[in-house]
Amino acid sequence: KMSNSSSLNEFLLLPFADTRELQLLHFSLFLAIYLAALMANGLIITAVACDYHLHTPMYFFLLNLSILDLGSISTIVPKSMANSLWNTKAISYLGCVAQVFLFLFFISAEYCLLTVMAYDRYVAICRPLHYGTLLSSRACVKMAAAAWASGFLYALLHTGNTFSIPLCQGNALGLFFCEIPQILKLSCLDSYHREVWLIVVSTCLVFGCFLFIVVSYVQIFRAVLRILPEQGRHKAFSMCLPHLAVVSLFLSTVLFAYLKPSSISSSALDLSLAVLYSMLPPTVNPLIYSLRNKELKEAL
């Protein structure tokens, strides 16, 4: 047991396996997933940056999304791979603080950016004549900057609050990366009352963005159903489906991981869900966006 958080030099992460062979298998699998995410997101970033045909608001936001995906998966996976390769479980106290902050920063900024991308789709379909005015270069930069800034402030609040709580229940975390609920389990007292105001802020942010996305798509679908030619409807839906798929994947994995009933909670399930919401979206998002996107395929 630790007397308080000031005496903590490191945390112990949960290993995926105890035997050396399974540790090396975990390293190999994570390396393959990480390289796939790096290559897929890197290709999209390069294509959008280098092809002037893709210098439009939609692809500008997609470039930001790929950068955030790269950041979120790079915050967690390399450390987990290194621990398996070197047969260790330790992460330094400051390393844990950095991991919590950066992961929260990237996923919350991504959620805000997905909300901005819903607005982009709404303007493109419902107000196409005003698209160039409402989504000018300056407006796009401001909206992307607002998403990044919102993620930064959100992560700063949560990280500062979490690591200001005294910890005395050991230093072993029940996950392969540093996560706030796991750290709060080590607190000396019932720390959840200190998290109440941050939970309120989080709920407002999540629900506000979700409501904005839903309202945007209600308007989009109403406009699409008024389009008489079948070809026009198909084109409009093809513009929206990738974004809808990415939002659904992001929200379903994160919300189920955090809001699942405690009665079905287990270490194996928690571990599986953590892998899903931390690694699946960054790896799959580029595939979703490029699968049926002719312009992006040609640029690649």
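Please read all numbers here as calculations on a predicted model, not as lab measurements. (Residues numbered from 1 in each chain as written. Predicted model: local features only at pLDDT ≥ 70, side-chain atom pairs only at ≥ 80, totals over all residues. Heavy atoms only, no water.)

**Topic: the overall build of the chain**
Of regular secondary structure, the chain possesses ten helices and two strands. What you see in the chain, going N to C, is helices and strands ordered as β-α-α-β-α-α-α-α-α-α-α-α. Relative to the compact-globule value of 19 Å for 300 residues, the chain shows a C-alpha radius of gyration of 21 Å, a close match. Structurally, the chain occupies a C-alpha span of about 70 × 45 × 35 Å along its principal axes. (Helix = DSSP H or I, 4+ residues; strand = E, 2+ residues; numbered from the N terminus. Rg over C-alpha atoms; globule rule 2.2 N^0.38 Å.)

**Some points on helix α3 (residues 93-126)**
Taking 1.5 Å per residue, 34 residues should reach 50 Å; α3 reaches 50 Å between its end C-alpha atoms and fits that length. In terms of residue burial, α3 counts as a mostly covered element, since 26 of its 34 residues are buried. (Expected span 1.5 Å × (residues − 1). Buried < 20%, exposed > 50% of the residue type's maximum accessible area, 1.4 Å probe, protein only.)

**A few points about the packing of helix α1 (residues 20-50) against helix α2 (residues 57-85)**
The N-to-C vectors of α1 and α2 enclose an angle of 160°; their axes lie 9 Å apart at closest approach. If you check the angle between α1 and α2, you find them roughly antiparallel. Note on packing geometry: the crossing formed by α1 with α2 is left-handed. Of the residues in the contact of α1 with α2, the class split is 22 nonpolar, seven polar and two charged. (Axes fitted to C-alpha atoms, helices over the stretch in contact; angles between N-to-C directions. Parallel < 35°, antiparallel > 145°, perpendicular 65-115°, else oblique. Left-handed = near helix turned anticlockwise from the far one by under 90°. Nonpolar A, V, L, I, M, F, W, Y, C, P; charged D, E, K, R; others polar.)

**Brief notes about the side chain of His-158**
Its location among the elements puts His-158 in helix α5 (residues 137-162). Taking the relative accessible area as the measure of exposure, His-158 reaches 7% and is therefore buried. Of the polar contacts made by the side chain of His-158, one reaches the side chain of Ser-202; its length is 3.0 Å. (Polar contact = N/O pair within 3.5 Å; in protein donor to acceptor, adjacent residues only side chain to side chain.)

**Points about the environment of Phe-103**
Residue placement: Phe-103 occurs in helix α3. In the structure, Phe-103 is positioned 62 residues away from Asn-41 in sequence and 17 Å away in space, judged by C-alpha atoms. Other than its neighbours up to four places away in sequence, Phe-103 contacts Ser-72, Thr-75, Ile-76, Phe-177, Tyr-277 and Ser-278. (Contact = heavy atoms within 4.5 Å.)

**Some details on the packing of aromatic side chains**
The final tally for this structure, using the stated rule, is 17 aromatic pairs. With centroids separated by 6.2 Å and ring planes inclined at 45°, the aromatic side chains of Phe-103 and Tyr-277 adopt a geometry described as tilted. With a gap of 174 residues between them, Phe-103 in helix α3 and Tyr-277 in helix α9 (residues 267-291) connect regions that are remote in the sequence. Taking the relative accessible area as the measure of exposure, Tyr-277 reaches 5% and is therefore buried. For the ring pair Phe-105 and Phe-106, a centre distance of 5.1 Å and an interplane angle of 40° mean the geometry is tilted. Judged by relative accessible area, Phe-105 falls into the buried class, the value being 11%. Aromatic rings pair up to connect Phe-30, Phe-103, Phe-176, Phe-177 and Tyr-277 into one cluster. (Phe/Tyr/Trp six-rings, centres within 6.5 Å; stacked < 30°, edge-to-face > 60°.)

**Here we look at the nonpolar core**
Judged by nonpolar contacts, the single largest core of 85 residues is most densely connected at Phe-11 and Phe-61. The element best represented in this core is α3, accounting for 20 residues. In contact with Phe-11, not counting residues within four places along its chain, are Lys-89, Ala-90, Ile-91, Tyr-93, Cys-96, Phe-163, Leu-167, Asn-171, Leu-173 and Leu-186. (Core = buried A, V, L, I, M, F, W, Y, C linked by side-chain atoms within 4.5 Å.)

**Some details on the pattern of salt bridges**
By the definition in use, this model includes one salt bridge. Where Arg-121 meets Asp-120, a salt bridge forms, and the shortest distance between an N and an O atom there is 2.6 Å. (Salt bridge = Lys/Arg side-chain N within 4 Å of Asp/Glu carboxyl O.)

**Considering α1**
The end-to-end C-alpha distance of α1 is 44 Å, a good match for the 45 Å that 31 residues give at a rise of 1.5 Å each. When α1 is considered as a whole, its buried residues turn out to be Gln-23, His-26, Phe-27, Phe-30, Tyr-34, Ala-37, Ala-40, Asn-41, Ile-44, Ala-47 and Val-48.

**A short note on the UniProt feature "transmembrane region" (unreviewed entry) in the chain**
If you check UniProt for "transmembrane region" (unreviewed entry), the listed places come out as residues 24-47, 59-78, 90-119, 139-157, 196-218, 239-259 and 271-291 in our numbering. Along residues 24-47, the helical share is 100% and the strand share 0%, with 34 Å between the first and last C-alpha atoms. Within the segment residues 271-291, helix and strand shares are 100% and 0% respectively, and the terminal C-alpha atoms sit 29 Å apart. (UniProt positions renumbered as here; feature names shortened; annotations may be inferred.)

**Details of the state of the cysteines**
Each disulfide consists of a covalent bond between the sulfur atoms of two cysteine residues. The tally for this structure, following the rule as stated, stands at one disulfide. Disulfide partner of Cys-96: Cys-178, at an S-S distance of 2.0 Å. Negative torsions about the S-S bond denote left-handed disulfides, and the value of about -125° found for Cys-96 with Cys-178 makes this one left-handed. Of this pair, Cys-96 sits in helix α3 while Cys-178 is found in the loop between α5 and α6 (180-184), placing the two residues 82 residues apart along the sequence. This pair shows no difference in class: Cys-96 is buried, exactly as Cys-178 is. Cys-204 forms no disulfide, and the closest cysteine sulfur to it belongs to Cys-209, at a distance of 11 Å. We note that Cys-209 lacks a disulfide partner, and the nearest cysteine sulfur, in Cys-112, lies 4.6 Å from it. (Disulfide = S-S within 2.5 Å.)

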